[in-house]
Amino acid sequence: MSGPVDAELARVVRDHAGRLAASLVHLVGDFSAAEDLVQEAIEAAVRTWPVEGIPERPDAWLYTVARRRGLDVLRREKRHREKLTGVSWPTEPEPDDRLRLIFTCCHPALPRAAQVALTLRVVCGLTTAQIAKALVVRESAVARRITRAKQKISDAAIPYRIPGPDELPARLDEVLTVIYLLFNEGYLSSGGDRAQSRDLTDDAEFLAALLHRLMPTEPEVAGLLSLIRLHRARAAARFDENDEIVQLQRQDRSLWDHAAIAEAGRSIARAASYRRPGPYQLQAAIAACHAEAPSWEDTDWTQIAVLYDMLVHLAASPVTALHRAIALRYVQGPAEALAAVDELESSLAEYHLWHATRAELLRELGRRDDAQQADARALALTANPAERSLLRERLNWT
Amino acid sequence: MKYVLMFVDTEEFASELAGMSELERARAYDRVNQWFADHSDKITHHTHLLPPNTATTVRLDRGEPLVTDGPFVEGKEVISGFAVVEVDDLDEALAIARSWPACPVVEIRPVGS
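Scope of this entry: the structure provided in the associated data block. (Residues numbered from 1 in each chain as written. Chains lettered and ligands numbered in written order. Predicted model: local features only at pLDDT ≥ 70, side-chain atom pairs only at ≥ 80, totals over all residues. Heavy atoms only, no water.)

### Some details on the interface of chain A and chain B
The condition is simple: Here, two residues are considered to be in contact whenever any of their heavy atoms come within 4.5 Å of each other. Buried area adds together the accessible area that both of two parts lose upon being put together, with accessible area traced by a 1.4 Å probe. Whenever a carboxyl oxygen of Asp or Glu lies within 4 Å of a side-chain nitrogen of Lys or Arg, that contact is scored as a salt bridge. N or O atoms within 3.5 Å of each other form a polar contact, as long as, within protein, one can give a hydrogen and the other can take it, and as long as residues adjacent in sequence are counted only when both atoms are side-chain atoms. For this scheme, ten residues count as nonpolar: Ala, Val, Leu, Ile, Met, Phe, Trp, Tyr, Cys and Pro. Four count as charged, namely Asp, Glu, Lys and Arg, and the remainder, Gly too, count as polar.
Taken together, the contacts link ten residues of chain A with nine residues of chain B. Of the roughly 720 Å² buried at the junction of chain A and chain B (both faces included), carbon and sulfur atoms supply 55%. Contact with chain B buries area across many residues of chain A, yet Ala156(A), Ala157(A) and Glu167(A) alone supply 48% of it, more than any other trio. Linking chain A with chain B are three salt bridges. A salt bridge links Asp91(B) to Arg171(A), with the nearest nitrogen and oxygen atoms 3.4 Å apart. Across the chain A-chain B interface, the total number found is five residue pairs in polar contact (both at pLDDT 80 or more). Counted by class, the side of chain A that touches chain B contains five nonpolar, one polar and four charged residues.

Right, dumping it as structure tokens:
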């Protein structure tokens, strides 16, 4: 998708697809059958709306198509047919219904790739073709994932339900992971060769905002939403006119959306008042430190290092430890940072940013040959076109 | 919905069990018995299996039936028992499996109708 018309179309579909799915599951009583109907309606919309324009009542339009198709498909199943005939749109569903939808799509009994595809299709209203394009996988592979997932939902009786209080924290983590993955996928693939593809960061923000509206007292949901908004607030400065990545330290900060940054800061503070810190709140707080700083040099690195210490403590991962080491560079110096980076070799030797970070620190310490070698390793390990060209340029010019 | 919970033993778990004192082992068995008692309204049937060294396998896909000593897959993880539970959905089966107090892996499969 590209251009403002398609963005508008995507937004309208996204606003209504999940509601329609939730209503139809409620009506038909079967997740998989309902999902098929929604997908039919969305595919019809994607075909028709660009030509005929977006209807005045997109929700009623989608419902009518889904219902007509449903009566067709389910004519042998009297029970479903009666249910569909008996109800007319609009039936304003409870907001909880979309929450059930999200928890079912992100059930831990489904493989991650299927959770992602199913959430995009059912909650955000993407077609299989759009998902395939956005995730750079074959359409047949996406279709297969979704078919298998729906089969498992019905065969293994994965419930259509919001988990109880015992299970909720773990299940919510699962949902947040899916949204975070979508955001990363969209964020990293933006610009470069794929400027034309659907912006998954839109879908990620939509999902996080929806979840936040439905679960306003979950601070980690607020944290993830703030994190996404803070990153998006800097989007205008991330790429130059040649679609090359501009690193944070060289970005023109006047291009950032400072109103959005201030709002995210307030949201993080509200979340913190629940006194239930978590990895998304901490990452958002780190992103806020960067976003609120007048310049790279005048960033509150001490605060960032403290937040990374907490993050490593709460959710240890080699990549987090790498970011902590980068912050150390500005608190203690490049030699200390390099020592911290080198400690991570066993787990990050195949990660391009580990090599890229080493290269920068080595260069600062005057070890040019070592730095060149590290850049070459980083280049060999990354597939993202914009990142590749950044590294290639550094190899050529340093 | 009926599900089979398959209990899977690992070498670590077996040696941990073997290293226990009489009293500790009695307590471990008590915990298992308590679990079966706690879920007795949901468990319709359960079976404990003797270890894999007691297994005999018959293969029928090689012409004549072929009888061999041992389990059909040699592995570090072996099924040591089953329980059949009758519950509403997977989440309920998962909740039961989550509280299982013994061997470290439980596989859940819906029973075909």
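Once you've had a look at it, read on.
### Some details on the pattern of salt bridges
Note the cut-off: Helix and strand assignments come from DSSP, with helices taken as H or I runs of at least 4 residues and strands as E runs of at least 2, each series counted from the N terminus. Classification of residues uses two cut-offs on accessible area relative to the type maximum, computed with a 1.4 Å probe and protein chains only: under 20% is buried, over 50% is exposed, and between them is partly exposed.
Throughout the structure, instances matching the rule amount to 31 salt bridges over all chains. Where Arg232(A) meets Asp202(A), a salt bridge forms, and the shortest distance between an N and an O atom there is 2.6 Å. Placement of Arg232(A) in helix α11 (residues 219-233) and of Asp202(A) in helix α10 (residues 200-214) is noted, with a sequence separation of 30 residues between them. A relative accessible area of 24% means that Arg232(A) is categorised as partly exposed. Because the salt bridges share partners, they merge into one network encompassing Arg161(A), Glu167(A), Arg171(A), Asp89(B) and Asp91(B).

### A look at the sheet that holds strand β6 (residues 105-110) of chain B
Residue and element names in this part refer to chain B. Our working rule: Criterion used throughout: strands pair if DSSP finds at least two bridges between them. As a rule, the C-alpha atoms of each element are fitted with a line to give its axis, helices using only the stretch in contact, and angles between N-to-C directions run from 0 to 180 degrees.
Overall, antiparallel pairing links the four strands, which are arranged β2-β5-β1-β6 in an open sheet. Because the sheet does not close on itself, it has two edges, and the strands there are β2 (43-48) and β6. The sheet shows a mean angle of 20 degrees between the axes of neighbouring strands, taken without regard to direction. Pairing of β2 with strand β5 (residues 77-86), which is carried by five bridges, proceeds in the antiparallel orientation. Among the inter-strand pairings, His46 is bridged to a residue of β5, identified as Ala83. Sitting on the sheet, helix α2 (residues 22-38) is in contact with β1 (2-10), β2 and β5, with an inclination near 155 degrees to β2.

### Quick look at the layout of surface pockets
Residue and element names in this part refer to chain B. Basically, it comes down to this: Cavity means a closed set of points on a 1 Å grid over the protein atoms alone, one where a 1.4 Å probe fits but cannot get out, pocket means an open set with protein on both sides within 12 Å along at least 5 of 7 lines, and lining means a residue has an atom within 4 Å of a point. Grid points are joined across faces, edges and corners, and a volume is the space filled by probe spheres set on the points.
Taken as a whole, the second largest pocket encloses approximately 690 Å³ of empty space. Contributing to the lining of the second largest pocket are 34 residues, with Asp9, Phe13, Leu17, His48 and Ser80 lying nearest its centre. Listed by contribution, the elements that provide at least two residues to the lining of the second largest pocket are β1, α1 (11-18), α2, β2 and β5. Broken down by class, the residue content of the lining of the second largest pocket amounts to 21 nonpolar, seven polar and six charged.

So yeah, pure geometry; function would need other evidence.
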